[in-house]
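Structure assessment
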Amino acid sequence: MSIIATIKEKARADKKYILLPEGTEERTVQAARLITDDGIAKVALLGNDEEIKSVADKFNVSLDGVTIIEPEKTAEFTPFVEQFYEMRKAKGVTVEQAEKMMHDTLFYAAMMIKNNMADGMVAGAINTTGNTLRPGLQIIKMAKGISVVSSCFIMEVPNKAFGDDGIMIFGDCAVNPEPTAEQLAAIAISSATTGKVLCGINPRVAMLSFSTKGSAKHDNVDKVRTATELVHSLAPDLMVDGELQADAALVEKVGQLKSPGSPVAGKANVLIFPDLQAGNIGYKLVQRLAGAEAIGPICQGFAKPINDLSRGCSIEDIVSVVAITAVQAQAQA
């Protein structure tokens, strides 16, 4: 069974309520039908009621079992305006601006999640990553002990000698261009959690660099070393080692030569890249040259799950990301 099939199976076992704020978008409406039919989650489409029904009619999609939420018509609209104003007035937000924001389905969905009326949300088919994540940053905020929102990819590598039967986690490959040592530590902890929750792996985290255990001297190496020490302090039960070169992280003979006795070196299943350039290049190389399936980017670090789609996503991509979000919600319940 593929990892995404396993994730869907987990989602079905404890159905969560996932919001789709881009409710009038064609792929999203069609995905809502598939998600409902497959029992992956309970879903709601947010947006203009007539527009959503028009899209459904166009594609001959039944909306039976799919909730439609038109924010302006709900009893919660005015209380949400007042709540958002109180949350953001110190940042200069006026009541009028708060009302305008609640007309935005992305912000309205985040308020529903904040108030425990839903378990998570998925968007990005027609919104930028910034627009999709902003309501989460302003309303839902970070999970306890996590200082930064980040991302990771689940990499399903054909060569099953690596990771856990070919399953690996790569982070951060999509969000933070130049993370600080503190942010890198948070990314490592979040990525390990994602691997455990979604893939069932026992995380062995390698903090990657161009140096292994002081073989090179540079400020960039120092950052990775400091981040590793912070992970040890913040998550003492997590298996983590660094700084490690990629071969030392992946190949046991090399790993044990360069970092003798390490529980991670040569056996890593979570790779933490020092910056976004390395992470983005790294996952794309493995995807293209090794023929790996790259699932993501998966957002992590929010108190409640929010996930961002590619604007070129397929209907099946939306279904898969909703399943991922539902399983994340199970873990955060």
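Above this text is the structure in question.
Structure report, in brief. (Residues numbered from 1 in each chain as written. Predicted model: local features only at pLDDT ≥ 70, side-chain atom pairs only at ≥ 80, totals over all residues. Heavy atoms only, no water.)

This brings us to helix H3 (residues 49-58). For H3, every residue scored as buried is listed here: Ile52, Val55 and Ala56. Buried residues of H3, viewed axially, fall in a sector of 100°; they line one side. Of the residues in H3, the exposed ones pointing more than 90 degrees away from the buried face are Glu50, Asp57 and Lys58. The secondary structure elements touched by the buried residues of H3 are helix H2 (26-38), strand E2 (42-46) and strand E3 (67-69). With a side-chain oxygen positioned 3.0 Å from the backbone nitrogen of Glu50, the residue opening H3 is Asn48. Downstream of H3 by a residue or two, Asn60 has a phi angle that is positive, lying close to 55°. (Buried < 20%, exposed > 50% of the residue type's maximum accessible area, 1.4 Å probe, protein only. Helix = DSSP H or I, 4+ residues; strand = E, 2+ residues; numbered from the N terminus. Arc of directions from axis to C-beta. Contact = heavy atoms within 4.5 Å. Polar contact = N/O pair within 3.5 Å; in protein donor to acceptor, adjacent residues only side chain to side chain.)

We now examine the packing of aromatic side chains. Evaluation of the coordinates by the stated rule reveals 4 aromatic pairs. With a centroid separation of 5.4 Å and an interplanar angle of 65°, the aromatic rings of Phe170 and Phe273 are classed as edge-to-face. Note that Phe170 is positioned in strand E6 (residues 167-171) and Phe273 in the loop between strand E9 (270-272) and helix H12 (276-289), a separation of 103 residues in sequence. The same class applies to Phe170 as to Phe273, namely buried. The ring of Tyr17 has Lys42 sitting right over it, with the charged end atom 4.6 Å from the ring centre. (Phe/Tyr/Trp six-rings, centres within 6.5 Å; stacked < 30°, edge-to-face > 60°. Lys NZ or Arg CZ within 6 Å of the ring centre and 35° of its normal.)

Roughly 660 Å³ of volume is contained in the largest pocket. Lining the largest pocket are 27 residues, with Ile189, Ser190, Ala192, Thr193 and Thr194 positioned closest to its centre. Only helix H8 (181-199), strand E10 (293-300) and helix H13 (315-332) provide two or more residues apiece to the lining of the largest pocket. Per-element tally for the lining of the largest pocket: the top contributor is H8, with 7 residues. Grouping the amino acids of the lining of the largest pocket by side-chain chemistry returns 15 nonpolar, 9 polar and 3 charged. (1 Å grid on protein atoms, 1.4 Å probe; cavity = no way out; pocket = protein on both sides within 12 Å on 5 of 7 lines; lining within 4 Å. Points joined across faces, edges and corners; volume = space filled by probe spheres on them. Nonpolar A, V, L, I, M, F, W, Y, C, P; charged D, E, K, R; others polar.)

Before going further, it helps to spend a moment on the nonpolar core. Side chains of a nonpolar character, in soluble globular proteins, are inclined to be buried together. With 61 residues, the main nonpolar core has Ile7, Ile154, Val205, Met207 and Val322 as its most contacted residues. In terms of residues, this core owes the most to one element, H8, which gives 10 residues. Setting aside chain neighbours within four positions, we find Val322 in contact with Ile18, Leu20, Ile35, Ala41, Val43 and Val122. The next biggest cluster of nonpolar side chains, apart from the first, holds 30 residues, and it includes Phe80, Ala109, Met112 and Cys299. (Core = buried A, V, L, I, M, F, W, Y, C linked by side-chain atoms within 4.5 Å.)

With that out of the way, let us pick up the packing of H8 against helix H9 (residues 219-234). Packing of H8 against H9 leaves a shortest axis separation of 8 Å and a crossing angle of 55°. Looking at the two axes, H8 sits oblique to H9. Between H8 and H9 lies a crossing of right-handed hand. Residues Ala181, Glu182, Leu184, Ala185, Ala188 and Ile189 of H8 lie in contact with H9, whose contacting residues are Lys223, Val224, Thr226, Ala227, Leu230, Val231 and Leu234. Residues of the contact of H8 with H9, tallied by class, amount to 10 nonpolar, 1 polar and 2 charged. (Axes fitted to C-alpha atoms, helices over the stretch in contact; angles between N-to-C directions. Parallel < 35°, antiparallel > 145°, perpendicular 65-115°, else oblique. Left-handed = near helix turned anticlockwise from the far one by under 90°.)

Closest axis-to-axis distance for the H2/H13 pair is 8 Å, and the angle between their directions is 55°. Taken together, H2 and H13 sit at an angle that is classed as oblique. Considering how the two elements wind past one another, H2 and H13 form a crossing that is right-handed. In contact with Arg27, Thr28, Gln30, Ala31, Leu34 and Ile35 of H2, H13 contributes Ile315, Ile318, Val319 and Val322. Its residues assigned to classes, the contact of H2 with H13 shows 7 nonpolar, 2 polar and 1 charged.

As summarised here, the arrangement of the 6 strands in space is E8-E7-E9-E6-E5-E10, forming an open sheet in which the pairing is mixed. What marks the edges here is a single partner per strand, and that holds for strand E8 (239-244) and E10. The average angle at which neighbouring strand axes cross in this sheet is 20°, direction not considered. Here 5 bridges tie strand E7 (residues 204-208) to E8, and the two strands are oriented parallel to one another. Paired with Ala206 across the two strands is Asp241, which belongs to E8. Relative to strand E5 (residues 150-156), H12 is tilted by about 20°, and along the sheet it contacts E5, E6 and E10. (Pairing = 2+ DSSP bridges.)

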